[in-house]
Amino acid sequence: ADPRVSARRATARRIGVFGGTFDPIHLAHLRCAEEAREQLGLERVLFIPAADPPHKTQRRVTPARHRVAMVRLAVAGHPAFAVSPIECERRGRSFTVDTLRALRARLPDAALTLLIGLDAFRDIGAWREYRSIFGLADLAVWTRAAGRLSRPRAILPVAARGDFCYASGTSELLHHTGTRIRFLTVTALDISATDIRQRSRRGRSIRYLVPASVERYVTNAGLYRRSRAAS
């Protein structure tokens with residue numbers, strides 16, 4: 001890696017990029033983001049709701065305006081959390097590589113860290129231009145399982161393994177451009193948006209699975225009810 005690039009990154013603002021469908025955002029999302037912020041020393045975490053997620057083709061996704069509103073409510077009051085509607089402002093499918101390029105253009109002095117779960121990381125070889133993603137941002141991959149991964153480089157798609165080496169004395173993966181992949185262990189909270197939607201459809205409580213403000217929004221907007229018309 002170019003030492004000049006490494007020096008610039010060391011003094012840059014560190015911003016986490018947390019994308020997702022957030023249908024709805026819940027407490028596990030927020031806790032993972034908080035622990036990543038703390039462990040990585042991030043100045044800010046940008047929550048980016050996907051407008052048209054390419055991997056959610058088997059069900060109707062709640063309109064973006066509702067999901068953005070819920071994320072805004074969920075992060076309100078946290079000085080380091082913010083919402084970016086960048087994908088909702090852009091037409092077409094929401095691809096991570098496009099979002100990172102747009103953020104690099106908007107925030108040229110920032111060092112970006114893409115925050116993703118281990119399951120998503122295992123599937124990254126299916127993402128659009130995934131090898132370009134590695135050069136656009138650091139990656140922080142979180143797992144809720146205790147213990148370190150024994151061979152993290154082996155999880156990479158075969159075509160990308162030659163682009164990385166292990167950072168000296170660590171389990172971090174160093175990309176030839178100077179970016180890194182770090183692996184974090186976060187608190188295990190077994191909460192899923194699918195379960196929350198199902199509970200709402202059945203008229204069951206979602207209290208303590210989502211922030212109270214999000215619970216009120218779901219109720220007032222009539223989200224996830226079987227009879228709800230598309231809005």
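Residues numbered from 1 in each chain as written. Predicted model: local features only at pLDDT ≥ 70, side-chain atom pairs only at ≥ 80, totals over all residues. Heavy atoms only, no water.

## A few points about the overall build of the protein
Counting its secondary structure elements, the protein contains 9 helices and 8 strands. For 231 residues, the compact-globule estimate of 2.2 N^0.38 gives 17 Å, and the C-alpha radius of gyration of the protein, at 18 Å, lies within 12% of that figure. For the protein, the spread of C-alpha atoms along the three principal axes comes to 55 × 35 × 35 Å. Once local pairs closer than 6 in sequence are excluded, the contacts in the protein between residues at least 24 apart make up 72%. Summed over all atoms, the accessible surface of the protein reaches about 12,100 Å², with 47% contributed by carbon and sulfur. Averaging the locations of the 40 positively and 20 negatively charged side chains of the protein gives two centres separated by 4 Å. (Helix = DSSP H or I, 4+ residues; strand = E, 2+ residues; numbered from the N terminus. Rg over C-alpha atoms; globule rule 2.2 N^0.38 Å. Contact = heavy atoms within 4.5 Å. Areas by Shrake-Rupley, 256 points an atom, 1.4 Å probe, with all protein chains shown as cover. Lys, Arg positive; Asp, Glu negative; His and termini not counted. Charge placed at Lys NZ, Arg CZ, Asp CG, Glu CD.)

## Regarding the nonpolar core
Core analysis: the largest hydrophobic core is formed by 33 residues, its most contacted members being Phe-18, Ile-25, Val-45, Phe-47, Leu-115 and Trp-142. Contributions of two or more residues to this core are made by helix 2 (27-40), strand 2 (44-49), helix 3 (64-75), strand 3 (81-83), strand 5 (138-143) and helix 9 (212-221). The dominant element in this core, judged by the number of residues it contributes, is helix 2, at 6 residues. Ignoring any residue separated from it by four or fewer positions in sequence, one finds Val-45 in contact with Gly-16, Phe-18, Ala-33, Arg-37, Ala-80, Phe-81, Ala-82 and Leu-115. By size, the runner-up hydrophobic cluster in this structure holds 31 residues, among which are Leu-100, Leu-103, Leu-118 and Phe-121. (Core = buried A, V, L, I, M, F, W, Y, C linked by side-chain atoms within 4.5 Å. Buried < 20%, exposed > 50% of the residue type's maximum accessible area, 1.4 Å probe, protein only.)

## Examining helix 8 (residues 193-201)
Residues of helix 8 that are buried: Ala-193, Ile-196, Arg-197 and Ser-200. Summarising the axial view, the buried residues of helix 8 lie within an arc of 100 degrees, below the 170-degree limit, and thus occupy one face. Those residues of helix 8 hidden inside the fold are in contact with helix 9. Phi turns positive one or two residues past the end of helix 8, at Gly-203, with a value near 75 degrees. (Arc of directions from axis to C-beta.)

## Points about the packing of aromatic side chains
Describing an aromatic ring pair means giving the distance of the ring centres and the angle of the ring planes. Across all of its chains, the model carries 8 aromatic pairs by this definition. Between the aromatic rings of Tyr-130 and Phe-134, the centroid separation amounts to 6.2 Å while the plane-to-plane angle is 85 degrees, which identifies the pairing as edge-to-face. Remark: Phe-134 and Tyr-130 occur in helix 7 (residues 130-136); sequence separation between them is 4 residues, near one turn of the helix. In this structure, Tyr-130 and Phe-134 share a single accessibility class: buried. Between the aromatic rings of Phe-134 and Phe-164, the centroid separation amounts to 5.1 Å while the plane-to-plane angle is 85 degrees, which identifies the pairing as edge-to-face. Pair noted here: Phe-134 is in helix 7 and Phe-164 is in strand 6 (residues 164-166), with a separation of 30 residues, a long-range link. Put simply, the rings of Phe-18, Phe-22, Phe-47, Phe-81 and Trp-142 pair up and form one aromatic cluster. Positioned above the aromatic ring of Phe-95 is the side chain of Arg-128, whose terminal nitrogen or guanidinium carbon lies 3.8 Å from the ring centre. (Phe/Tyr/Trp six-rings, centres within 6.5 Å; stacked < 30°, edge-to-face > 60°. Lys NZ or Arg CZ within 6 Å of the ring centre and 35° of its normal.)

## Description of the sheet that holds strand 4 (residues 110-117)
The mixed open sheet is built from 8 strands, whose spatial order is 3-2-1-4-5-8-7-6. With one partner strand each, in any of the chains shown, strand 3 and strand 6 form the two edges of the open sheet. The average undirected angle you get between the axes of adjacent strands in this sheet is 30 degrees. The pairing of strand 1 (residues 13-20) with strand 4 spans 5 bridges and is parallel. Residue pairing in the sheet places Arg-14 in a bridge with Ala-111 of strand 4. (Pairing = 2+ DSSP bridges. Axes fitted to C-alpha atoms, helices over the stretch in contact; angles between N-to-C directions.)

## Focus on the packing of helix 3 against helix 9
Remark: helix 3 packs on helix 9, axes separated minimally by 8 Å, with the N-to-C direction vectors making an angle of 150 degrees. Accordingly, the angle class assigned to the pair helix 3 and helix 9 is roughly antiparallel. Where helix 3 crosses over helix 9, the handedness of that crossing is right-handed. Facing helix 3, whose interface residues are Arg-65, His-66, Ala-69, Met-70, Leu-73 and Ala-74, helix 9 presents Ser-213, Val-214, Tyr-217, Val-218 and Ala-221. (Parallel < 35°, antiparallel > 145°, perpendicular 65-115°, else oblique. Left-handed = near helix turned anticlockwise from the far one by under 90°.)

## As for the environment of Ile-86
Examined against the element boundaries, Ile-86 turns out to sit in helix 4 (residues 86-89). C-alpha of Ile-86 to C-alpha of Tyr-224: the two residues are 138 residues apart in sequence and 25 Å apart in space.

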